[in-house]
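Spelled out from the first residue to the last, the chains are:
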Amino acid sequence: MAREESIAERINRLELPFNEFGVDPYGISKKHVALAASAFAVLYRYYFRVKCYGIEHVPPRGRAMIVGNHSGGYAIDGAMLITSLFLEMEPPRLGQGMAEKFLNRFPFASLWTSRTGQFTGLPEHAHRLLEDDRLLMVFPEGARGTAKLYRERYSLVDFGTGFMRLALQTRAPIVPVGILGGGTAVPTIANLYGLGRLLGVPYVPVTPYLLPLPLPAPVELHYGEPLTFSGTGDEDDDVIAGYVAQVKSRVAGLIERGRELRHQRRGP
Amino acid sequence: MRVLILGIAGGIARKLATRLLDAGHEVLGIDVRPWSSAPEGIEFHRVDVRKRAAEDVFRRRRPEAVIHMATVTALSVRGGERGRINLDGTKAVFDHCRDYGVKQVLFVGRHTFYGAASDSPLYHSEDEPPRALEKVPELADLVAADLYAATALWRMPEMTTAVLRIVYTLGAPGTGTLASFLRGRRVPMVLGYDPLFHVIQEEDVVTALQLALEKRLRGIFNVAGPPPVPFSVIIRETGRTPVPLPGPLLARLLGRFGFPRTSEGALSHIKYPIVVDNRRFREATGFHPAHDEGRIIRIFREASPLPGAEW
């Protein structure tokens, strides 16, 4: 993206049906997206110094599901993914994540997720957004994925299978993405589940410096070629599991490629 | 068609009565409230739906269609009487419809049926159950009346029944649940929350009801106007000032110092949205609202100008 182009200009080029108040039928607001994008753009460029590869694999229009690994103890990965779609794509697109249920219960989190199109991860939401030709972001590892510890940062936990049935039902292409660096930014050494229950969140990550604030570690995003599966979404579990395994291995391959590139850059 | 409107003295019912009369229908109505300015040609009976005199209207006049708008919210009737009006009244209506050969019934319900919950889908389809009822017990009898009305679909299959779940009205004359919340100069919000509100202009409600009647709709349908708008936008664009207050503080202030009178549980309705998917109704009737969100808000602003310096 040309640095001269302002965030506001990119917002105006988002192909969403905003009304006269700058709000779309889901309550996504130009004003809120602009504020969030401005803040995240600073983190993206100067704090995490995100390197983004393969953004051309994301369709410029129409429905698609971006499927990635979780990297980091909370939503840094998702935030940087959304920011890359907004800053690096032509025209810019708004990635819509599937948020954890607890977020909508908290003040401000409820408001900001609603106004920026980050809705609770319900099949109804995913289905409707895809039918409406939106760009959906899915992390099939779920909360177990964000709970990965520092030493597990390049591994993948089990993928859920719901996303595959949704992709089949809505005939949406799947764009795999490998995310690196979030696990270094938030080097989790333990997760406090008891404290999390008290606070109404899944868990609280603990780092060597105690607070779960992110370090300025470089983050990399590696988008891969879209995968299309054909079917109805009513297939048996083992068929679906086979498709999911293909997506998972593509994501693992993208992470591996990212690590190799990193080694080459640091190389002799 | 000979149409009987129950609750005909209400704001929207009066407009509907006039519209149906103009469209060539024979219109009669029942209400406990007076309607002294009823236009000529509309036969008005000032009786309670639950009383024998109301049954007499069914027996003597034999309406072909009945539009049931005689349910009430907690804003207008408090305590047990509300439940009796909503449930005993609705039962009486359907009993009379069955006994006196009514062919078609429209039950005019509300979209608040679905409840405001943090973990429910943004767009509610007709197939969803009511949620978060425990938070707003004063809605329970309206939800029950809606479900009860729907039982007519299998209990009285010879009758064409439609249950309509209509979103908040906004516009002129500026009555209704949302409008009453927007009455003051300053409108409280729950700090950190800004739910979408789904609204429809009164004239569009009348159009929707007329379509439902004339298309002989059968089943359960959500009825909405233009796409929903954030609460803060409605407040600002109607010339009011939003006053965001922390939830627990707001709960203590309600009904005092000029704050709107509403239950603590109803605060969930200004924290989480109730938005409906109205595709089924649009496909069945071809309904399209004539008023978009901007026009609805401007009509309301003109019809309900700001009061004096109080809340």
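These notes cover the structure that comes with them. Model, not experiment: these values are computed from the prediction.

A word on the pairing of strand S5 (residues 135–138) of chain A
Residue and element names in this part refer to chain A.
- Where burial is concerned, the two faces of S5 agree: the one with Leu135 and Met137 and the one with Leu136 and Val138 are both buried.
- With four bridges connecting them, strand S2 (residues 64–68) and S5 associate as parallel partners. Of the residues in S5, the one forming a bridge with alanine 64 is leucine 135.
- Here three bridges tie strand S3 (residues 95–99) to S5, and the two strands are oriented parallel to one another. Paired with glycine 95 across the bridge in S5 is leucine 135.

Topic: the packing of aromatic side chains
Residues and elements named next belong to chain A.
- According to the stated counting rule, one finds 16 aromatic pairs over all chains in the structure shown.
- Note on phenylalanine 229 and tyrosine 243: the rings are 5.0 Å apart at their centroids and 35 degrees apart in plane angle, and the pair reads as tilted. With phenylalanine 229 in the loop between strand S9 (220–223) and helix H10 (237–266) and tyrosine 243 in helix H10, the pair connects residues that are 14 residues apart, well separated along the chain.
- Residue class for phenylalanine 229 comes out buried when judged on its relative accessible area of 16%.

Side note on the sheet that holds strand S3 (residues 42–45) of chain B
Residues and elements named next belong to chain B.
- What the seven strands build is an open sheet, ordered S3-S2-S1-S4-S5-S7-S12; its pairing is parallel. Looking at the sheet topology across the chains shown, the edges are occupied by S3 and strand S12 (219–223). Ignoring which end each strand starts from, the neighbouring axes of this sheet average 20 degrees apart.
- Where strand S2 (residues 26–30) and S3 come together, four bridges link them in parallel fashion. The residue bridging isoleucine 30 from the neighbouring strand is histidine 45, located in S3.
- Seen against the sheet, helix H2 (residues 52–61) touches strand S1 (2–6), S2, S3 and strand S4 (65–68) and runs at an angle of roughly 160 degrees to S2.

Considerations on a nonpolar patch on the surface
- A cluster of nonpolar residues, A:Leu35, A:Phe108, A:Trp112 and B:Leu191, forms a patch on the protein surface that exposes about 360 Å² of accessible area.
- Looking at the secondary structure, you find B:Leu191 in the loop between strand S9 (186–190) and strand S10 (196–197).

Concerning the packing of helix H3 (residues 80–99) of chain B against helix H4 (residues 140–155) of chain B
Residue and element names in this part refer to chain B.
- For the pair H3 and H4, the least separation of the axes is 9 Å and the interaxial angle reads 10 degrees. Classified by the interaxial angle, the pair formed by H3 and H4 is roughly parallel. The residues of H4 that touch H3, namely those facing Arg82, Gly83, Asn86, Leu87, Thr90, Lys91, Phe94 and Asp95, are Asp141, Leu142, Ala144, Ala145, Tyr148, Ala149 and Ala152.

Quick look at H2(B)
Residue and element names in this part refer to chain B.
- Turning to H2, its buried residues number three or more, namely Ala54, Glu55, Val57, Phe58 and Arg61. Along the long axis of H2, the arc covered by the buried residues comes to 155 degrees, so they all point the same way. Within H2, the exposed residues directed more than 90 degrees away from the buried face are Arg52 and Arg60.
- Residues of H2 that are buried make contact with S1, S2, S3, S4 and H3.
- One or two residues past the end of H2 sits arginine 62, with phi positive at roughly 45 degrees.

Describing the nonpolar core
- One finds B:Ile5, B:Ile67, B:Leu164 and B:Phe231 to be the most contacted residues of the largest nonpolar core, which totals 72 residues.
- If one sorts the elements of this core by residue count, helix H6 (residues 202–214) of chain B sits on top with seven residues.
- For B:Ile5, the residues in contact, after removing those within four places along its chain, are B:Ala13, B:Leu16, B:Ala17, B:Leu20, B:Val27, B:Leu28, B:Gly29, B:Ile30, B:Ile67 and B:Met69.
- Counting residues in each nonpolar core, the second largest holds 70 residues, with A:Phe18, A:Ile28, A:Ala41 and A:Phe86 among its members.

Here's the deal with the packing of helix H7 (residues 162–170) of chain A against H10(A)
All names here are of chain A.
- Their axes nearest at 9 Å, the elements H7 and H10 cross at an angle of 95 degrees. As the angle between them shows, H7 and H10 are arranged roughly perpendicular. On H10, the residues touching Phe163, Met164, Arg165 and Leu168 of H7 are Asp237, Ile240, Tyr243, Val244 and Val247.
- Of the residues in the contact of H7 with H10, the class split is seven nonpolar, no polar and two charged.

Procedures and definitions
Residues numbered from 1 in each chain as written. Chains lettered and ligands numbered in written order. Predicted model: local features only at pLDDT ≥ 70, side-chain atom pairs only at ≥ 80, totals over all residues. Heavy atoms only, no water. Buried < 20%, exposed > 50% of the residue type's maximum accessible area, 1.4 Å probe, protein only. Helix = DSSP H or I, 4+ residues; strand = E, 2+ residues; numbered from the N terminus. Pairing = 2+ DSSP bridges. Phe/Tyr/Trp six-rings, centres within 6.5 Å; stacked < 30°, edge-to-face > 60°. Axes fitted to C-alpha atoms, helices over the stretch in contact; angles between N-to-C directions. Contact = heavy atoms within 4.5 Å. Patch = residues over 30% accessible without salt bridge, like charges linked within 9 Å, V, L, I, M, F, W, Y side chains within 5 Å. Areas by Shrake-Rupley, 256 points an atom, 1.4 Å probe, with all protein chains shown as cover. Salt bridge = Lys/Arg side-chain N within 4 Å of Asp/Glu carboxyl O. Parallel < 35°, antiparallel > 145°, perpendicular 65-115°, else oblique. Arc of directions from axis to C-beta. Core = buried A, V, L, I, M, F, W, Y, C linked by side-chain atoms within 4.5 Å. Nonpolar A, V, L, I, M, F, W, Y, C, P; charged D, E, K, R; others polar.

Function-wise, these values are silent; they only describe arrangement.
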